[in-house]
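# Residue-level structure breakdown
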Amino acid sequence: MDTRTGLPIVGMVGGGQLARMTHQAAIALGQSLRVLARTPEDGAALVAADVQYGEHTDLAALRTFAKSCDVVTFDHEHVPGEHIRALAAEGVRLHPGADALRYAQDKALMRQRLTDLGAPVPRWRRVATVDELAAFGAQVGWPVVVKTARGGYDGRGVWVIDGPAGLAAAGLDPADRPELELIAEERVALRRELAVQVARSPFGQIAVYPVVETVQRDGICVEVLAPAPDLPQRLAVAAQQLAIDLATALDVVGLLAVELFEVDGELVVNELAMRPHNSGHWTIEGARTSQFEQHLRAVLDYPMGETALTAPAVVMANVLGGADGGIGIDERLHHLFATDPGAKVHLYGKQVRPGRKIGHVTVLGAELSDVRGRAARAARWLQEGR
Ligand code: ADP
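Keep in mind the model is a prediction, meaning the values are calculated, not measured.

Conventions adopted
Residues numbered from 1 in each chain as written. Predicted model: local features only at pLDDT ≥ 70, side-chain atom pairs only at ≥ 80, totals over all residues. Heavy atoms only, no water. Helix = DSSP H or I, 4+ residues; strand = E, 2+ residues; numbered from the N terminus. Rg over C-alpha atoms; globule rule 2.2 N^0.38 Å. Contact = heavy atoms within 4.5 Å. Areas by Shrake-Rupley, 256 points an atom, 1.4 Å probe, with all protein chains shown as cover. Lys, Arg positive; Asp, Glu negative; His and termini not counted. Charge placed at Lys NZ, Arg CZ, Asp CG, Glu CD. Buried < 20%, exposed > 50% of the residue type's maximum accessible area, 1.4 Å probe, protein only. Pairing = 2+ DSSP bridges. Right-handed = clockwise from strand over helix to strand, strands pointing away. Phe/Tyr/Trp six-rings, centres within 6.5 Å; stacked < 30°, edge-to-face > 60°.

## With respect to the overall build of the chain
- Each helix and strand in the chain was counted, giving twelve helices and 17 strands.
- In terms of C-alpha radius of gyration, the chain reaches 21 Å, essentially the compact-globule figure of 21 Å for 386 residues.
- Principal-axis analysis of the C-alpha atoms places the extent of the chain at approximately 60 × 55 × 45 Å.
- For the chain, the share of sequence-separated contacts (at least 6 apart) that also reach a separation of at least 24 residues comes to 61%.
- Total accessible area on the chain stands at roughly 16600 Å², and carbon and sulfur atoms take up 51% of it.
- Positive and negative side-chain charges of the chain, numbering 39 and 47 respectively, have mean locations separated by a distance of 2 Å.

As structure tokens, this is what we get:
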């Protein structure tokens, strides 16, 4: 407990933008997030007062950090499960726990568990040889989607393979890369991608957000539309129920983001993330309770906050690092604020690299087409200065 405030101390392992925005939410709850960052340049380390430094793979560093906190949570999925287990055995409260988190860490385990639970997933199999891939492709039809079970993000770790020879061409031949664990999935004819956020507390209370549409370009999420436009009520309710059921079945504590495909009017689960997620950044302005506050409430076992939309249409657009174009970010902000006083900007304090997510903008309003246009323009201005 923090003796000055009388409040429990929440620690977050990882100092990226999710920790940065969780810290922002923590302030309103009377807290200051304690962060285990890698470097003083990490997005959260730049703004939080209570920062320790260490690697998330170093058990000793994790232990020192965790023992100074009342509850520990995560900004990313990369803390080894055995470290989380070791700390839990020593009495540290960690949310989500290792048994839940492994399904967000390993796509093969996740696919298997979802299959066992009867959740809708693409046809899939583990692939340890070219022959296994060939048999799978012959069964479901080429091309197939091949993924590394661990370590992928923003489409890195995902390949569309046209035939058995494609595996070697992509540098994935298991004979050469025995360390890679691969899965293959049928390539579903997706109409669009959806996501739904749900938060669950140790007490078991669950709050679910409206279903959103996520728009990807080159494997990176560029836009989130809330609520998902023209989504039939039947599918919206089914997606929310699915997220609630998965959070319960997997014993998730904290935020769970379920990424979905809409295929022929049905839902198929793509991915799970057990933390605040890019598909929920719109909630900062667009929902009564942001996903960051909700995550804190959940890990502290406080009652959940309302999840209702604050406007009929909310659009979040990611700002990716772009060409410099001779106009600095300060001047871009100046211009954007002059052109659209309603656009809300979140910058993560990151060094600009092409394609890297350096911030996001959110616009709210009555009409989706208007809001979407404004969000895209605002992101383009911050990205390209034009
Ligand atoms: P990451 O973990 O890197 O985000 P995903 O598994 O979410 O990777 O896949 C990235 C993108 O690839 C998805 O957003 C989707 O557009 C596409 N994709 C993934 N799996 C399939 C599939 N089985 N069928 C069709 N498209 C897919």
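## Overview of the pairing of strand β1 (residues 10-13)
- The alternating pattern of β1 places Val10 and Met12 and Gly11 and Val13 on opposite faces, both of which are buried.
- Both β1 and strand β4 (residues 71-74) contribute to a ladder of four bridges, which runs parallel. Across the sheet, the residue bridging to Gly11 is Val72, located in β4.
- Across three bridges, β1 lies against strand β2 (residues 34-37) in parallel orientation. Among the inter-strand pairings, Gly11 is bridged to a residue of β2, identified as Arg34.
- Tracing the backbone out of β1, into helix α1 (residues 17-28) and back to the parallel element β2 gives a crossover that is right-handed.

## With respect to the packing of aromatic side chains
- Across all of its chains, the model carries one aromatic pair by this definition.
- Considering the side-chain rings of Tyr209 and Trp282, the 6.2 Å spacing of their centres and the 85° angle between planes classify their relative orientation as edge-to-face. Of this pair, Tyr209 sits in the loop between β10 (206-208) and β11 (212-217) while Trp282 sits in the loop between β14 (266-273) and α9 (283-286), and the two are 73 residues apart along the sequence.
- Judged by its relative accessible area of 0%, Trp282 is buried.

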